[in-house]
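Topology and contacts: notes
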Amino acid sequence: MNWRAHMFIGGVFALVFFYLMGTRDISLLFMTIIGALSALMPDLDHDMSKGRKIANFCFGIFSLALGYSAACMGKICIPSLNGIISGAVVFLALMGGYFVLFMIFKPKHRGITHTILACFVFGVLVYLIAGFSFAIAGFLGYFSHLVADRHIKIF
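Residues numbered from 1 in each chain as written. Predicted model: local features only at pLDDT ≥ 70, side-chain atom pairs only at ≥ 80, totals over all residues. Heavy atoms only, no water.

Notes on the environment of serine 27
- Tracing the chain through its elements places serine 27 in helix H2 (residues 27–38).
- Along the backbone, serine 27 and phenylalanine 134 are 107 residues apart, and their C-alpha atoms lie at a distance of 9.8 Å.
- Here aspartate 25 takes part through its side chain, which lies 2.5 Å from a polar atom of the side chain of serine 27. (Helix = DSSP H or I, 4+ residues; strand = E, 2+ residues; numbered from the N terminus. Polar contact = N/O pair within 3.5 Å; in protein donor to acceptor, adjacent residues only side chain to side chain.)

Some details on the side chain of histidine 145
- In this structure, histidine 145 sits in helix H6 (residues 132–149).
- Non-local contacts of histidine 145, meaning those with residues more than four positions away in its chain, are made with His6, Ala39, Pro42, Asp43 and His114. (Contact = heavy atoms within 4.5 Å.)

Considering the packing of aromatic side chains
- Throughout the structure, instances matching the rule amount to four aromatic pairs.
- When the ring of phenylalanine 17 is compared with that of phenylalanine 18, the centres are 5.2 Å apart and the planes differ by 90 degrees; the resulting orientation is edge-to-face.
- For phenylalanine 17, a relative accessible area of 31% puts it in the partly exposed group.
- Between phenylalanine 120 and phenylalanine 139, the aromatic rings sit 5.1 Å apart at their centres with planes inclined by 40 degrees, giving tilted as the arrangement. With phenylalanine 120 in helix H5 (residues 116–130) and phenylalanine 139 in helix H6, the pair connects residues that are 19 residues apart, well separated along the chain.
- Taking the relative accessible area as the measure of exposure, phenylalanine 120 reaches 49% and is therefore partly exposed.
- Three or more aromatic residues joined by ring pairs form one cluster here, namely Phe120, Phe139 and Phe143. (Phe/Tyr/Trp six-rings, centres within 6.5 Å; stacked < 30°, edge-to-face > 60°. Buried < 20%, exposed > 50% of the residue type's maximum accessible area, 1.4 Å probe, protein only.)

Examining the environment of histidine 145
- With a relative accessible area of 0%, histidine 145 lands in the buried category.
- Residues histidine 145 and methionine 41, 104 residues apart in the sequence, show an inter-C-alpha distance of 8.4 Å.

Here it is as structure tokens:
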């Protein structure tokens, strides 16, 4: 299945769930977008996937933002030398972990990233970063990819 179909299905999963749960404001659009983007995440194990290209770009930006936030203690500032060092450590740790996981270990396509375990881990990571509603949308989008591929494994 191509990336557009996965995004569409992931967005529909999230849209229907949140609509049925009574969401009728602008957050319904955000949850649909999160569901659609999350549907691309299981294919991070494939070098040429659209999800991998988006993740490579976004993860770098996210890591930089988190590093800046760590350097400035969550405020807008010009970090001190100690702040720059702590921010750099956060940035390098996140980028290093991502690089090791997807560039060095190179999970096989439809391997670990196409499991229910990975789906739950993704949901927990989204929860830690953005909160419960985003985690549900992310989980639904990720899970929709597994359903659409008809390739669901527990581990």
